[in-house]
Each structure stands twice: as C-alpha cells, then as structure tokens.
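Per-entry structural report
Residue strings, one per chain:
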Amino acid sequence: MAARPPFAATDAADEAVRATCDDATTCKRFATSKGYWKDSYVQYFVRSVGERKAPEINRGYYARVRGVNHLLDAFIRRTECNCQIINLGAGLDTTFWRLKDENLMPRKYFEVDFPTVVARKIHNIKTKPPLSKALIETHTTDSLLLDAQSLDSDRFCIISADLRDSSSLDEKLKKFQLNTEIPTLLLSECVLVYMTPGQSSNLLHWAAETFHTAMFINYEQVNMMDRFGQVMVENLQHRQCNLAGVEACKSLDTQKERFLRTGWEHADALDMMTVYSVLPQDDVARIERLEFLDEKELLQQLLQHYCICWATRDKLKLGLSQLAF
Ligand SMILES: C[S@@+](CC[C@H](N)C(=O)[O-])C[C@H]1O[C@@H](n2cnc3c(N)ncnc32)[C@H](O)[C@@H]1O
C-alpha cells in the first residue's frame, strides 16, 4: 500500500478540493444573474454576483446544468418520484429546492460532502428562510435533526463523510434510512476527479453492490491527455488542487469502462460539445443571444474537455438504459 502523505499535506490538499465548491457556486451565481437558467436559491449560498465570467464559462455551466438535469429529471419521471437521490460531493448545489418547486421530489434526497462544507450549508439553511421553508414544508414527523454535522428530515438529508471511505459512507447513509430496495440515482459533478482511480472505483463498486436498480450520473473532465487538458491540470495544480483521478478522464471509453468494471450493466458517455448540440436548440439560441461570442474555438475546446457519463443497473426492469439525450 502506498504511504499516505503527512497529515498537513493531505489536509491542505483536501482544503483545496473543498474550496472548489465555491468556484462552482460563484460561476452558477454569475450565469444565472445573466439569465442562462433560473435558480432562485443560489443567491443564498453566494451573496454577491461577483466578478464577470467569460461567456465560454457561462455557456459551459449552462450545458452542464441543463445536461445533468435532463438525465436526472428523466430518471425521476421514469420512477414516478418513487426513488431516492444521493448527490455525492454536493457542495452548495441547489437541486433539492428545484425539485421541490417543480413537483419532482424523490422519496428522499441525500447529500454528502466533507464536514466543513456540510457545516456551511447547514448554517445557510438554518439562517435563510427561503431555504428552510422547503425543508419544513416537506417534513411531517417530529424527528427533525439539525446540528452542525448533519441534517435529517423526512425528505432531505445532509451527511458529512469522506467519499474515499465507502464503508463509513454506507454506515452513515443507512443510519439515516437509506433504502437499498428502491430505484436510486447517484450524482457526482466534478467530484470523482479529485480521488485516485482506486478510490473512485471503490465508490462505484459500493454503489453497484448496494443498489440493484440505479443510475449513476457523473459529470467531469475528459480528453485530458492533450495539450489543453494538460494546461487544465497545471492551472489547478497552481492552486494546490491535484486532479488525482485524471487517469480515468482520458477518453469517453475510459469513463465508461470504470463503470462496466465495477458492476454496472450499461454505460454511456457524451462530451459536452455533443450534449450542447442536442439540448433544445430554441433555448440554446436564446442563451447565445445573452452575450456576444465572436470566436467559438475556445468554447468548443472547453466543451470537448468535459463529459457526462451515465451508467445503470436495472433489476426492476424500468428501462433505465434507454434514458438518454
Ligand atoms: C467542484 S465541487 C462541486 C460541487 C457540486 N457537485 C456542484 O456541482 O456544484 C466538488 C465537491 O466535492 C466535494 N468532495 C471532493 N472530494 C470529496 C470527498 N473525498 N469526500 C467528500 N466530498 C468530497 C468537495 O468538498 C466539493 O464540495
């Protein structure tokens, strides 16, 4: 077994990974302020709109949010909301509130992240009425748990855990009434890339072993072996952020294979350039009018270096492998 780096080094590396949730939320806050998509809740996690982001970044986030939501909503509709969702490395994501507003609430929505990120999220929920309102409205029993480390209500649960330790993750989720018998959607957006391929394989294997009817949606980097990919890796390294899982991000095939090797029956993957071209084109035309973009080359390169990969297991024969774009 490889020796772990000294505690201080590990902790600094984890701190840089934890900080990535602010990047994601700041970019989503800016893009929604420009009208790329609607999110009335992100403002409660990042107060100010902040510095201007390049149109390429905004369009990239638009494709990511629309693409992931397309598959997520298709799964919820296929199961008629008789399902649960586990958002792995959820950061400050607002999907729970969107699903509530759109009447697409699963039986239970779980989020997992590091303790400091979870503590911040819970603090925001406690102190911002528009966030706590949805929680109260979906809770009917008298067993609401709300402390710094975890939140557990009838329909929403936030857990502190390290995703690199799947046995402790399993134990914590079961403590909060995870149901391994109902269709389950697992989501990871820009999360697996921060783990070594061995650690992410363990997580995917745990998920396949635990749920007989499930879908896993993973959004992250792809085609990372070319010059553009190398520059992305170097830029993150300058911020002490190591893409430990970049090996699995070589190609769409390596992204699919990691699922097929860990017990998933079916896997598909599309780069975000392709996703962008199959999203509803009237809405794409709308967002392309929001900000002028003369030169498309950088946008294309950026979209070619991210992908959505989704995998399914389908004992209940719900036709999950047909869910696609
Ligand atoms: C780039 S952010 C993405 C956040 C969210 N998924 C989104 O798309 O807005 C990555 C998140 O994964 C979390 N994360 C990464 N590695 C983790 C691990 N080993 N255990 C728990 N959380 C982890 C980070 O703390 C961070 O919140």
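What you are looking at is a predicted structure, and each value in this text was computed from that prediction instead of being measured.

Okay, the overall build of the chain next. Across its full length, the chain carries 12 helices and 9 strands. Across its three principal directions, the C-alpha atoms of the chain cover 55 × 45 × 45 Å. Sequence-distant contacts in the chain: of pairs separated by 6 or more residues, those separated by 24 or more amount to 77%. Of note, the chain has its 40 positive side-chain charges centred 3 Å away from the centre of its 44 negative side-chain charges.

Because side chains alternate across strand E8 (residues 266–271), one face comprises the buried residues Ala-267, Ala-269 and Asp-271, and the other comprises His-266, Asp-268 and Leu-270, none of which is buried. In this sheet, strand E9 (residues 306–314) lies alongside E8 in antiparallel orientation, the contact comprising 6 bridges. Bridge pairing in E9 places Ala-269 opposite Cys-309.

This paragraph deals with the sheet that holds strand E3 (residues 145–146). In space, the 9 strands of this open sheet follow the order E3-E4-E5-E2-E1-E6-E7-E9-E8, with mixed pairing throughout. Whereas interior strands pair on both sides, the edge strands pair on one side only; in this sheet they are E3 and E8. In the sheet, strand E1 (residues 84–88) pairs with strand E2 (residues 108–113) via 5 bridges, with the strands oriented parallel. Note that in E2 the partner of Gln-84 across the bridge is Lys-108. Each of E2, E3, strand E4 (151–152) and strand E5 (156–160) is contacted by helix H4 (residues 115–127), which is oriented at about 145° to E5, the strand it contacts most. Contacts from helix H9 (residues 252–260) reach strand E7 (213–221), E8 and E9, with the element oriented near 155° to E8.

The next point concerns the environment of Ile-76. Within the secondary structure layout, Ile-76 lies in helix H2 (residues 55–78). Classification of Ile-76 by relative accessible area gives buried; the value is 0%. Separated by 46 residues in the primary sequence, Ile-76 and Phe-30 place their C-alpha atoms 28 Å from one another. When sequence neighbours within four positions are dropped, the list of residues in contact with Ile-76 reads Cys-81, Cys-83, Ile-85, Leu-99 and Leu-104.

Before going further, it helps to spend a moment on the site of the ligand. Surveying the vicinity of the ligand reveals 20 residues, the closest of which are Lys-28, Arg-64, Gly-89, Asp-113 and Leu-163. Lys-28 has a polar side-chain atom sitting 2.9 Å from an oxygen atom of the ligand. Taking Asp-162, its side chain carries an N or O atom lying 2.9 Å from a nitrogen atom of the ligand. For the ligand, whose unbound accessible area comes to 590 Å², protein coverage reaches 98%. In terms of residue count, the dominant contributor to the shell around the ligand is helix H1 (residues 7–34) (6 residues).

The rules behind the values
Residues numbered from 1 in each chain as written. Predicted model: local features only at pLDDT ≥ 70, side-chain atom pairs only at ≥ 80, totals over all residues. Heavy atoms only, no water. Helix = DSSP H or I, 4+ residues; strand = E, 2+ residues; numbered from the N terminus. Contact = heavy atoms within 4.5 Å. Lys, Arg positive; Asp, Glu negative; His and termini not counted. Charge placed at Lys NZ, Arg CZ, Asp CG, Glu CD. Buried < 20%, exposed > 50% of the residue type's maximum accessible area, 1.4 Å probe, protein only. Pairing = 2+ DSSP bridges. Axes fitted to C-alpha atoms, helices over the stretch in contact; angles between N-to-C directions. Near = heavy atom within 4 Å. Polar contact = N/O pair within 3.5 Å; in protein donor to acceptor, adjacent residues only side chain to side chain. Areas by Shrake-Rupley, 256 points an atom, 1.4 Å probe, with all protein chains shown as cover.

Treat this as a map of the structure, not an account of what it does.
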